[in-house]
Amino acid sequence: MKQGIHPENYRFVVFRDMSNGVEFLSKSTAASSETTVFEGVEYPVIKLEISNTSHPFYTGKNVLVDTAGRIDKFNKRYGKKK
């Protein structure tokens, strides 16, 4: 493994899923100017749009996609003209 290519400034950071408000603590080098109190201790906070608690793949709550409607719409727009 190459020496000196990995960051040295890992610190504890709270990641907050903005879609459902779930927070979890992990280490990161990401910069943040905001802080939050998590389990009685103040940490920098990184806001996420989606995480494993809100992503359909992990939650099992998949949204049914109307593929037939999409195909018809595509053919109507770009299909051969009669």
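Every value quoted in this text rests on a predicted model; they were computed, and no experiment measured them.

A. Seen up close, the overall build of the protein. Each helix and strand in the protein was counted, giving two helices and four strands. Walking the protein from its N terminus toward its C terminus, one meets helices and strands in the order β-β-β-β-α-α. Going through the 82 residues of the protein one by one, you find that 16% of them count as buried. Accessible surface, the protein as shown: approximately 7,200 Å² in total, 54% of it carbon and sulfur.

B. Layout of the packing of aromatic side chains. According to the stated counting rule, one finds one aromatic pair in the structure shown. Pairing Phe15 with Phe24 gives two aromatic rings, centres 5.5 Å apart and planes at 20°, and the pair type is stacked. On the accessibility criterion, Phe24 (31% relative accessible area) is partly exposed.

C. Structural detail: the sheet that holds strand E3 (residues 35-38). Pairing in this open sheet of four strands is mixed, and the strands run E2-E1-E4-E3 from one edge to the other. Strand pairing shows two members of the sheet lacking a second neighbour, strand E2 (23-28) and E3, which therefore form its edges. Neighbour-to-neighbour, the strand axes of the sheet open up by a mean angle of 50°, direction not taken into account.

D. Structural detail: the pattern of salt bridges. Inspection of every chain in the model, using the stated rule, returns two salt bridges. Salt-bridge contacts for Arg16 lead to Glu23; the nearest nitrogen and oxygen are separated by 2.7 Å. Among the ionic pairs, Lys47 bridges to Glu34, the shortest N-O distance being 3.3 Å. Residue Lys47 is located in strand E4 (residues 41-48), and its partner Glu34 is located in the loop between E2 and E3; the two are separated by 13 residues in the primary sequence. By relative accessible area, Glu34 is classed as partly exposed at 39%.

So, how was this worked out
- Residues numbered from 1 in each chain as written.
- Predicted model: local features only at pLDDT ≥ 70, side-chain atom pairs only at ≥ 80, totals over all residues.
- Heavy atoms only, no water.
- Helix = DSSP H or I, 4+ residues; strand = E, 2+ residues; numbered from the N terminus.
- Buried < 20%, exposed > 50% of the residue type's maximum accessible area, 1.4 Å probe, protein only.
- Areas by Shrake-Rupley, 256 points an atom, 1.4 Å probe, with all protein chains shown as cover.
- Phe/Tyr/Trp six-rings, centres within 6.5 Å; stacked < 30°, edge-to-face > 60°.
- Pairing = 2+ DSSP bridges.
- Axes fitted to C-alpha atoms, helices over the stretch in contact; angles between N-to-C directions.
- Salt bridge = Lys/Arg side-chain N within 4 Å of Asp/Glu carboxyl O.

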